[in-house]
Amino acid sequence: MVIFRIVEMTSRAVGTSWPAELAAVLGPDSVITDPARLRTYECDGLTGYRVVPAAVALPRSTEEVAAAVGVCARHGISFVARGAGTGLSGGALPVADGIVISLQRLRRILHVDPVNLRAVVEPGVTNLDISRAAASHGLYYAPDPSSQQVCTIGGNVAENSGGAHCLKYGFTVNHVLAAEVVLADGTVTTLGGQSQHLPGFDLLGAFVGSEGTLGIVTQVTVRLLAKPAQVRTMVADFATVAAAGDAVTAIVAAGIVPAAVEMLDNLAIQAVGASTRSVYTADTAAALVVELDGPPDDVAELFDDVQRICRDQGSTKIMVAADAEERALIWQGRKAAFAAVGRISPNYFVQDGVVPRGRLAEVLGRIAAMADEAGIRVANVFHAGDGNLHPLVLYSEADGEHDRAERLSTEIAELCVELGGSLSGEHGIGADKACSMPRMFGEDDLATMLRLREAFDPAGLCNPGKVFPTPRLCGERPGPYRPHPLETAGVIERL
Amino acid sequence: MSAIVTTYRPADLAELRDALTESARAGQRLAVAGTGTAQWGGLVDADAVVDTTAMTGLISYNPTDMTVAVRAGTRLADLQEVLAEHRQWVALDPARATAEGGTVGGIVATADAGPSRHQFGGSRDSVIGMTVVLADGTVARSGGHVIKNVAGYDLAKLFHGCLGTLGVVAEVVLRVHPRPAATATLAVACPAREAFTLGGRLIAESLEPAAVEWTCTRPRGPGLAQRAEAAREQRDGTLLVRFDGTTNGVADRLRRARALAGEHAAEGTPEHWQKAGRLAVGAPGDTVLRLGTAPDQVAQLVMDVDRLAATHAVDAAMTSTLFAGVHTVRLRDAPAAAHAAVVESLRMAHSAATVCRWAPDLRNELAPWGDPPPAVSLLRAVKRRFDPDDRLCPGRFAPWF
Ligand SMILES: Cc1cc2nc3c(=O)[nH]c(=O)nc-3n(C[C@H](O)[C@H](O)[C@H](O)COP(=O)(O)OP(=O)(O)OC[C@H]3O[C@@H](n4cnc5c(N)ncnc54)[C@H](O)[C@@H]3O)c2cc1C
């Protein structure tokens, strides 16, 4: 039996005529109200939280998105934008009595501009399709979430998504030049522009990563990069997770910036091994995937350096991908790891906290200890190079482990904050971690962020109940504020 | 500007908070100044000034984590010196940092950046955390000390380019990068159009340049129009391409780039970059304008600048970060009215223009800003939420807000 958490988030006022009005502006085939079909939209990738919306709108253009939002604004209806629904923090979780606005029909690639190194696309275009469209020019779109075959660029902008290669290339926010946005009052505006120089403050930068709470993206201009001349990839095995963590720290400290440094622990390797033609050593405690890319001479020299560092740190075996096919196998295993974990455990939670890169070994040790104590298995497969953990907390709903696993999962995220890091590196706060926000930020910090929200959406209709703790979600007193460890250490001050 | 009667010179966050609380009680309108080098945008009409230059020094620096936290009044150049001891740097090189001692907070607030923005973006891309004090004394922190972090809104982005109008930046956390083992510059004498094409080729060949800048010092003195014409036909202007990496890698890429660039290519020197930097900063008496365009508009912009400089008998020089679409135009000599005419015409064609340095009397001839960006109503709405009484740097963004 599966127990779902039904999160109560209700729109403020529900008029009577709005579904008809919505159907009138979008056409009846663009509005879903049939309860059976609505269930498709009840959750995102965080399936433990489910809410059936009152309606789903499927606009085809910016004008139609604006019209749908306009109906919401007039009737005081909450709305939630939705891309592919692969989000892992409940960001696209509907609001009861509110509507979901799906961007799936806005999926045109409007323009690939190899001269200016950019592309203009609609929000429903998948991340990978941008790179596919740019490939004939020798270009690609750099941020590469593991979900890139399905997740949309609109969702990437909303979450400021990362990926394995963000270590060298940066995150979504570093690759978006402009966005056309429908604001909560139904007006359309453009944030950003053609150039890195724009007078006024950086509204686009603040919008990216705002988790759908400041407006709906209807068009995105992204930067494209030239494909690197050379790519080299290795898998280095280690006898302990701590040794692998120390190797990552040593690579970073040596001033080498690999394109990617990913770690899989033994449990993750077992999961991958069970499902694909695995290139990973079945019984190693941990493996690092290190990829370098760039000009050939630079890559050759640094690739040798990385191998030497791994050996110095006690690597038990280094496997260098001989060709593109072997490299693809390495990445296939890595990118399929989440899905593969489903085969060794009926249920799991994913966390995505971040720690300073000098503390990787320490945090992995503490997670293992916490997992032991809770009697729950935790698999680790993550973006080690930028300190972004993805502990997969494995449990069985049927065996009643849900609450224990959820508690452990939250504790891990909060441990990252305690170690001077963050609750989330790329998946977002969403509905999942909103109640943990007071662990990381004080009341004034959150109140100041809300000033931005109020400037964009004074009526609070745009994806309410996400990111920020609310009494409804977290109880009257959302988790006590404890001084941030950096504060205790005198590194940061709060007055 | 009304007479400034009060100067606040806080040394840390607590004193800054107290200064803002006190000034709020007194209802003072505040100007904010770092080294006081930037005059970007409109003239501020204030009763008191917050001078951040005593808020200096590192708060934390752990080279292994590759992040550093500093007080906002720290000079970027001083910070770079400390980082250099560990073979690291903040990937920001606005000319103002070395020429005029620009502070970290000031550089963030002006969104200033230099040639390295080609690879690393601007300060928005290097800042990972920030503590600010709002007009009412509220202390707010966002971001953190790790390079990857999506928890909460990124308020640091909002303060990027705010010119002190949203709050005072107190502390900044930056990501740092390793200093490359080697670096080299290719210098090619060529006009803008060729520079853009060649730069594009070097990128397409995956030579991964760290900076692609085109600079040009226009001829000056009498007979300007004819000489500008002649200069355009000659190979005026210089493309500067910097390669960072390993010793062998950089040597190899420089060699291949030279081969692609042809007969006008040579190895560039630090002096090349210093010249571009001096141009971007300007000197007292100059007007300096920063413009944004789509990258491929550079040749058109150069033609416009040429034509306007000739028409109004102004000495115009220019440096462009080609693929970021960022151009800095320096106007020299000629009366303020001539500078104003050039700027007005450029604004008409390219609205994203900021005057960073004002020639004497230019403010009498020219509005602080041109046409507002499409999202101006959002800029206003944010301003109203952060500083409802319009006490911080009033006039900076006049007439937009
Ligand atoms: C197997 C797997 C692997 C993953 N790997 C990664 C990874 O490596 N890195 C990473 O960062 N993430 C990863 N994710 C998480 C997820 O794929 C990303 O967050 C992605 O950006 C979500 O895109 P989406 O289109 O599915 O958005 P959705 O889940 O539909 O929505 C996500 C959020 O974006 C908002 N939104 C969607 N479209 C718009 C729009 N047009 N305008 C405004 N707001 C909008 C929604 O309201 C919601 O808040 C992974 C997920 C899965 C299932």
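An unreviewed UniProt entry annotates chain B as FAD-binding protein originating from Jiangella asiatica.

## Digging into empty space enclosed by the protein
For the structure on display, the rule yields five cavities of 30 Å³ or more. Roughly 330 Å³ of internal volume is contained in the largest cavity. What lines the largest cavity is a set of 25 residues, and nearest its centre among them are N160 and V173 of chain A together with N149, D154 and K157 of chain B. Elements supplying a minimum of two residues to the lining of the largest cavity: helix 6 (123-126) and strand 7 (127-133) of chain B. The element that contributes the greatest number of residues to the lining of the largest cavity is helix 6 of chain B, accounting for three residues. Grouping the constituent residues of the lining of the largest cavity by class yields 10 nonpolar, nine polar and six charged.

## Observations concerning the state of the cysteines
Residue and element names in this part refer to chain A. In total, this model carries one disulfide over all chains according to the counting rule given. Note on cysteine connectivity: C435 is disulfide-linked to C474, with sulfurs 2.1 Å apart. Measuring the twist about the S-S bond at about -85°, one finds the C435-C474 disulfide to be left-handed. Taken as a pair, C435 in the loop between helix 14 (402-418) and helix 15 (437-440) and C474 in helix 17 (residues 471-474) lie far apart in primary sequence, 39 residues in all.

## Quick word on the interface of chain B and chain A
Taken together, the 85 residues of chain B in the interface contact 90 residues of chain A. Summing both partners gives a buried area of about 7000 Å² for chain B against chain A, and 61% of it is carried by carbon and sulfur. Summed over the three residues of chain B that lose the most area to chain A, namely R141, K148 and Y153 of chain B, the buried surface amounts to 15% of that side. Counting every contact that joins chain B to chain A gives seven salt bridges. In this structure, E426 of chain A and K148 of chain B form a salt bridge, with 2.8 Å as the shortest nitrogen-oxygen distance. Scanning the region where chain B abuts chain A turns up 29 residue pairs in polar contact (both at pLDDT 80 or more). Its residues assigned to classes, the side of chain B that touches chain A comprises 42 nonpolar, 23 polar and 20 charged.

## Observations regarding helix 4 (residues 127-134) of chain A
Residues and elements named next belong to chain A. Among the residues making up helix 4, those that are buried are N127, L128, I130, S131 and A134. One face of helix 4 carries all of its buried residues, which in axial projection span an arc of 155°. Where helix 4 is buried, its residues meet strand 7 (109-113), strand 8 (118-121), strand 9 (139-140), helix 5 (153-159) and strand 12 (216-223).

## Topic: the sheet that holds strand 2 (residues 31-32) of chain A
All names here are of chain A. Spatially, four strands are ordered 2-4-6-5 in an open sheet, and the strand pairing comes out mixed. In the strand order of this sheet, the two ends are held by strand 2 and strand 5 (79-82), each with one partner. By the bridge criterion, three bridges tie strand 4 (residues 55-57) to strand 6 (residues 99-102) in an arrangement that is parallel. Following the sheet pairing, V56 is matched in strand 6 by V100.

## Side note on the environment of N347 of chain A
All names here are of chain A. With respect to the secondary-structure elements, N347 resides in strand 18 (residues 347-350). Judged by its relative accessible area of 18%, N347 is buried. Along the sequence, N347 and A405 sit 58 residues apart, while their C-alpha atoms lie 9.7 Å from each other. Once you skip the residues sitting within four places of it in the chain, N347 turns out to touch V393, L394, Y395, S396 and E397.

## Notes on the packing of aromatic side chains
Tallying each qualifying case throughout the model produces 12 aromatic pairs over all chains. Relative to F323 of chain B, the ring of F196 of chain B has its centre 4.9 Å away and its plane inclined at 20°; by these criteria the two rings are stacked. Of this pair, F196 of chain B sits in helix 8 (residues 192-204) while F323 of chain B sits in the loop between strand 16 (315-321) and strand 17 (326-332), placing them 127 residues apart in sequence. Its relative accessible area of 10% is what places F196 of chain B among the buried residues. Of the residues examined, F323 of chain B reaches a relative accessible area of 12% and is grouped as buried. Linked through ring pairs, F201 of chain A together with W369, F397, W400 and F401 of chain B together constitute an aromatic cluster. In this structure, K335 of chain A is placed above the aromatic ring of W331 of chain A, and the distance from its NZ or CZ to the ring centre is 5.8 Å.

## Observations concerning the nonpolar core
Formed by 130 residues in total, the largest nonpolar core has its most connected members in L203 of chain A together with L158, F159, L186 and V382 of chain B. Those residues in contact with L186 of chain B that sit more than four places away from it in its chain are L202, L239, L240, V241, F243, L254, A257, R258, A261, A265, A266 and G268 of chain B. One finds M263, L288, L389 and C416 of chain A within the second-largest nonpolar core, a separate group that totals 44 residues.

## Structural notes on the domain arrangement of chain B
Residues and elements named next belong to chain B. As assigned here, chain B comprises domain 1 (58-178) and domain 2 (182-362). One C-alpha centre belongs to domain 1, the other to domain 2, and the line joining them spans 26 Å. In this complex, domain 1 contributes 14 residues to the contact, which on the side of domain 2 involves 17 residues. When the two sides are added together, the surface that domain 1 and domain 2 hide from each other amounts to roughly 1000 Å², 58% of it contributed by carbon and sulfur. The largest share of the area that domain 1 buries against domain 2 comes from P115, R117 and H118, three residues that together contribute 53% of it. Joining domain 1 to domain 2, the criterion identifies three salt bridges. Applying the counting criterion to the domain 1 and domain 2 interface returns four residue pairs in polar contact (both at pLDDT 80 or more). Secondary structure elements with two or more residues in the side of domain 1 that touches domain 2: helix 3 (95-100) and helix 5 (117-120). Per-element accounting of the side of domain 1 that touches domain 2 gives the leading share, four residues, to helix 3. For the side of domain 1 that touches domain 2, the per-class residue count stands at five nonpolar, four polar and five charged.

So, how was this worked out
Residues numbered from 1 in each chain as written. Chains lettered and ligands numbered in written order. Predicted model: local features only at pLDDT ≥ 70, side-chain atom pairs only at ≥ 80, totals over all residues. Heavy atoms only, no water. 1 Å grid on protein atoms, 1.4 Å probe; cavity = no way out; pocket = protein on both sides within 12 Å on 5 of 7 lines; lining within 4 Å. Points joined across faces, edges and corners; volume = space filled by probe spheres on them. Helix = DSSP H or I, 4+ residues; strand = E, 2+ residues; numbered from the N terminus. Nonpolar A, V, L, I, M, F, W, Y, C, P; charged D, E, K, R; others polar. Disulfide = S-S within 2.5 Å. Contact = heavy atoms within 4.5 Å. Buried area = accessible area lost by both parts, 1.4 Å probe. Salt bridge = Lys/Arg side-chain N within 4 Å of Asp/Glu carboxyl O. Polar contact = N/O pair within 3.5 Å; in protein donor to acceptor, adjacent residues only side chain to side chain. Buried < 20%, exposed > 50% of the residue type's maximum accessible area, 1.4 Å probe, protein only. Arc of directions from axis to C-beta. Pairing = 2+ DSSP bridges. Phe/Tyr/Trp six-rings, centres within 6.5 Å; stacked < 30°, edge-to-face > 60°. Lys NZ or Arg CZ within 6 Å of the ring centre and 35° of its normal. Core = buried A, V, L, I, M, F, W, Y, C linked by side-chain atoms within 4.5 Å. Domains from an automatic or database assignment.

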